[in-house]
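# Observations on chain architecture
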Amino acid sequence: MAANMQQQLGEHLIRAAQVMEEQIDQEMNKLENLEEDDLEVIRRKRMEQMKKAQKDKIEMMSNGHGKYEEVADEKEFFDATKKSDRVVCLFYLPGNFRCKIVDKHFEILARKHVGTRFIHVNAEKVHFLTTRLNIRVIPTIAVIVKQQTIDYIRGFDELGGKDEFTTEVMENRLARSEVITIEKRTAAPAKKKIIRSGVDEYDNEEDW
């Protein structure tokens, strides 16, 4: 009789162990399914983000991003700043050697920083703009964010004071205004301010 009870107890324990194992298997399956669902949600969100980023990039490219272009007059300038949240504009004069140096760097940066529009305009053809923005040095680079001029780079004083500076130097200076983004900053961000006509005086041998 004792042997019989032991056998029954053993069978009971085996059945209990089997039930427990089945419950564990069920819980494991639930966890696996939950993880798969979560991964699917993550994949779907990532795909949507990628599609949106691609759509935004195509729209920006259609608005002139990714290349360095000239705008002919004030109307084209304002159209550019309306269509793009971040714009970098060089005010140049034909034949000015330093403007050609800026052109070289902007050709590179326009392709690298597609999220920012790079343009240039002949200062002699936009008298309203040069007066409004107080452009008195050539070259002058204006930084426009959401249709507000927030910063200027006048001449090469802030770029080392010489003609032989690297594209990285220009890139770092623009990054201080947060009109472009780079992985590593070499300087603290410049304090943003709205700049209109009547800015502080400055000295530069390139007054015109």
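This structure is a prediction, so every number in the text was calculated from the model and none was measured.

### A look at the overall build of the chain
- In terms of regular secondary structure, the chain is built from five helices and five strands.
- Listing each helix as α and each strand as β along the chain from the N terminus yields α-β-α-β-α-β-α-β-β-α.
- By residue count, 37% of the 208 residues in the chain fall in the buried class.
- Looking at the chain alone, contacts between residues at least 24 apart form 71% of all its contacts between residues at least 6 apart.
- Accessible area of the chain: about 13700 Å², with a carbon and sulfur share of 52%.

### Quick notes on the packing of aromatic side chains
- By the definition in use, this model includes five aromatic pairs.
- Aromatic side chains Phe156 and Phe165 sit 5.0 Å apart centroid to centroid with 85° between the ring planes, which places their arrangement in the edge-to-face category.
- The class for Phe156 is buried, based on a relative accessible area of 1%.
- By relative accessible area, which is 7% here, Phe165 ends up buried.
- Looking at Arg154, its charged tip hangs above the ring of Tyr152, at a distance of 4.3 Å from the centre.

### Examining the pattern of salt bridges
- Under the counting rule described, the total for this entry stands at seven salt bridges.
- The salt bridge partner of Asp79 is Lys75, with a shortest N-O separation of 3.1 Å. With Asp79 and Lys75 both in helix H2 (residues 74-83) and four residues apart, the pair spans about one turn of that helix.
- A residue is classified by how much of its surface remains accessible, and Asp79, at 28% relative accessible area, is partly exposed.
- Overall, the relative accessible area of 58% leaves Lys75 in the exposed class.
- A salt bridge links Arg98 to Asp163; the nearest nitrogen and oxygen atoms lie 2.7 Å apart. Here Arg98, found in helix H3 (residues 97-112), pairs with Asp163, found in the loop between strand S5 (148-154) and helix H5 (167-176); they are 65 residues apart in sequence, far enough to count as distant.
- The structure contains a network of salt bridges with shared partners spanning Lys67, Glu69 and Arg117.

### Concerning the confidence of the model for the chain
- The pLDDT averaged across the chain works out to 81; a share of 70% of its residues lies at or above 70.
- When the criterion is pLDDT under 50, residues 192-205 qualifies, and its contacts beyond four places in sequence or with other chains add up to 35 contacts.

### Structural notes on the nonpolar core
- Phe91, Phe106, Phe118, Met170 and Leu174 are the most contacted members of the largest nonpolar core, which has 43 residues in total.
- Looking at this core, the elements that each hand over two or more residues are H2, strand S2 (86-92), H3, strand S3 (117-122), strand S4 (140-145), S5 and H5.

Each value, and the rule that gives it
Residues numbered from 1 in each chain as written. Predicted model: local features only at pLDDT ≥ 70, side-chain atom pairs only at ≥ 80, totals over all residues. Heavy atoms only, no water. Helix = DSSP H or I, 4+ residues; strand = E, 2+ residues; numbered from the N terminus. Buried < 20%, exposed > 50% of the residue type's maximum accessible area, 1.4 Å probe, protein only. Contact = heavy atoms within 4.5 Å. Areas by Shrake-Rupley, 256 points an atom, 1.4 Å probe, with all protein chains shown as cover. Phe/Tyr/Trp six-rings, centres within 6.5 Å; stacked < 30°, edge-to-face > 60°. Lys NZ or Arg CZ within 6 Å of the ring centre and 35° of its normal. Salt bridge = Lys/Arg side-chain N within 4 Å of Asp/Glu carboxyl O. pLDDT = per-residue confidence, 0-100. Core = buried A, V, L, I, M, F, W, Y, C linked by side-chain atoms within 4.5 Å.

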